[in-house]
Amino acid sequence: MDIKLIALDLDGTLLNSKKQLSDTNLKALSECIENGIIIVPCTGRTADGIPLELKSIEGIRYAIATNGAVIHDLQKETVIDTRMLTWELAMELLNFVNDYPVMYDPYIEGRGITERRFLENLSHYCLSEALQEMVKNTRDIHPNIIDYVKKAGRPVEKINLFFPDMEGRARLRADLDKWDNILVTSSIPNNLEINALGASKGEAIYRLADHLGISRDQTMAIGDGENDFTMIRMAGVGVAMKNASEELKAEANYITETNDEDGVAAAINRLVFGRRL
């Protein structure tokens, strides 16, 4: 296949269950870069949340963050494109979700904004130990989230929600689905993620590929979560992890091994280089 750009989800895809990049996956990424293939982390995280070991790989220049809200040129430390929630819409959403029993954190300029009452009770919101550690490293603590966003007056990349129970998640999702000016998706079972219209991974891949003069047919996307649906559908080749949902697998052109079995490396070796591990 004439693949020129590979977009990779991180959690549940490129990273294993311990949020680590395996040597096998690293080797596959390095071989792609050596062959002129552009590797693009494509994540619900902010750019600050992308592991340093990944960003420090020579040749990884671009990143799609917060589900497609921001496209970064990591080398130049510039932003290529944004699709953000306006300040007014973000304020409306934050005041709306504040009435529900949910942990919420908006992302502004690459950082998550949280309160101590949330950060000190992460296990209540069913976060794994690895996810708790990531959240602690990528959030700034303020006395009151809504007051901070109100005073900041800046657009918001994404609003992330964590739930203590699935019933509450289903209830809030049903209410958010009535809004026609936002995108609602999810990356793990107990969260929801609110983005602006146009802020999807699939659309961001299109915009980056166009910026780089790469055609859709020359793109590949690999993912596992609900927020990966658009890129699996829209990329030239869509690859689902074996640990993905059955719905995502049904959308994919190819299903690879799990994230704990170096599924990214397996897909790259099979589809890009025509060999098996």
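This structure is a prediction, so every number in the text was calculated from the model and none was measured.

Undergrad: Sorry if this is basic, but what is going on with the overall build of the chain here?
TA: Along the backbone of the chain there are eleven helices and 14 strands. Dimensions of the chain along its principal axes, counting C-alpha atoms only, are 55 × 35 × 35 Å. Counting every position in the chain, which comprises 277 residues, the buried fraction comes to 56%. Residue pairs in contact within the chain that sit at least 24 positions apart in sequence constitute 59% of those at least 6 positions apart. When the accessible surface of the chain is totalled, it reaches about 12100 Å², and 46% of it is carbon and sulfur. Looking at charge distribution, the chain has the averaged site of its 31 positive side-chain charges lying 1 Å from that of its 43 negative ones.

Undergrad: Got a minute to help me understand the packing of aromatic side chains in this structure?
TA: The description of an aromatic ring pair rests on the distance of the ring centres and on the angle between the ring planes. According to the stated counting rule, one finds four aromatic pairs in the structure shown. When the centroid spacing of 5.3 Å and the interplanar angle of 65° are considered together, the rings of Phe-96 and Trp-179 count as edge-to-face. Of this pair, Phe-96 sits in helix H3 (residues 87-97) while Trp-179 sits in the loop between helix H7 (166-176) and strand S10 (182-185), placing them 83 residues apart in sequence. On the numbers, 5.3 Å between centres and 70° between planes, the contact of Tyr-104 with Phe-118 is edge-to-face. Placement of Tyr-104 in strand S6 (residues 103-108) and of Phe-118 in helix H4 (residues 116-119) is noted, with a sequence separation of 14 residues between them. Overall, Tyr-104 belongs to the buried group, its relative accessible area being 2%. Judged by its relative accessible area of 1%, Phe-118 is buried. Ring pairs connect the aromatic residues Phe-96, Tyr-100 and Trp-179, which therefore count as one cluster.

Undergrad: I keep staring at helix H6 (residues 145-152) and nothing clicks. Help me out?
TA: Side chains of residues three or four places apart in an α-helix project in the same direction, reflecting 3.6 residues per turn. Among the residues of H6, Ile-145, Ile-146 and Val-149 are the ones counted as buried. Angularly, the buried residues of H6 cover 95° about the axis, an arc narrow enough to put them on a single face. Exposed positions of H6 whose direction lies more than 90 degrees from the buried face are Lys-150 and Lys-151. One side-chain oxygen of the residue at the start of H6 lies 3.1 Å from the amide nitrogen of Ile-146, identifying that residue as Asn-144. Two residues or fewer past H6, Gly-153 is found with a positive phi of approximately 65°.

Undergrad: Would you mind going over the pattern of salt bridges with me for this structure?
TA: One side chain can pair with another of opposite charge once the charged atoms of both are near each other. In total, this model carries 22 salt bridges according to the counting rule given. Asp-105 serves as the salt-bridge partner of Arg-139, at 2.6 Å between the closest nitrogen and oxygen. Here Arg-139, found in strand S8 (residues 139-141), pairs with Asp-105, found in strand S6; they are 34 residues apart in sequence, far enough to count as distant. Judged by relative accessible area, Arg-139 falls into the buried class, the value being 6%. Note on Asp-105: relative accessible area 0%, which makes it buried. Between Glu-120 and Arg-116 there is a salt bridge, with the nearest N and O atoms lying 3.8 Å from each other. Under the relative-accessibility criterion, Glu-120 is labelled exposed at 56%. A relative accessible area of 47% means that Arg-116 is categorised as partly exposed. Via salt bridges that share partners, Asp-9, Lys-201 and Asp-228 belong to a single interconnected network.

Scoring rules and cut-offs
- Residues numbered from 1 in each chain as written.
- Predicted model: local features only at pLDDT ≥ 70, side-chain atom pairs only at ≥ 80, totals over all residues.
- Heavy atoms only, no water.
- Helix = DSSP H or I, 4+ residues; strand = E, 2+ residues; numbered from the N terminus.
- Buried < 20%, exposed > 50% of the residue type's maximum accessible area, 1.4 Å probe, protein only.
- Contact = heavy atoms within 4.5 Å.
- Areas by Shrake-Rupley, 256 points an atom, 1.4 Å probe, with all protein chains shown as cover.
- Lys, Arg positive; Asp, Glu negative; His and termini not counted.
- Charge placed at Lys NZ, Arg CZ, Asp CG, Glu CD.
- Phe/Tyr/Trp six-rings, centres within 6.5 Å; stacked < 30°, edge-to-face > 60°.
- Arc of directions from axis to C-beta.
- Polar contact = N/O pair within 3.5 Å; in protein donor to acceptor, adjacent residues only side chain to side chain.
- Salt bridge = Lys/Arg side-chain N within 4 Å of Asp/Glu carboxyl O.

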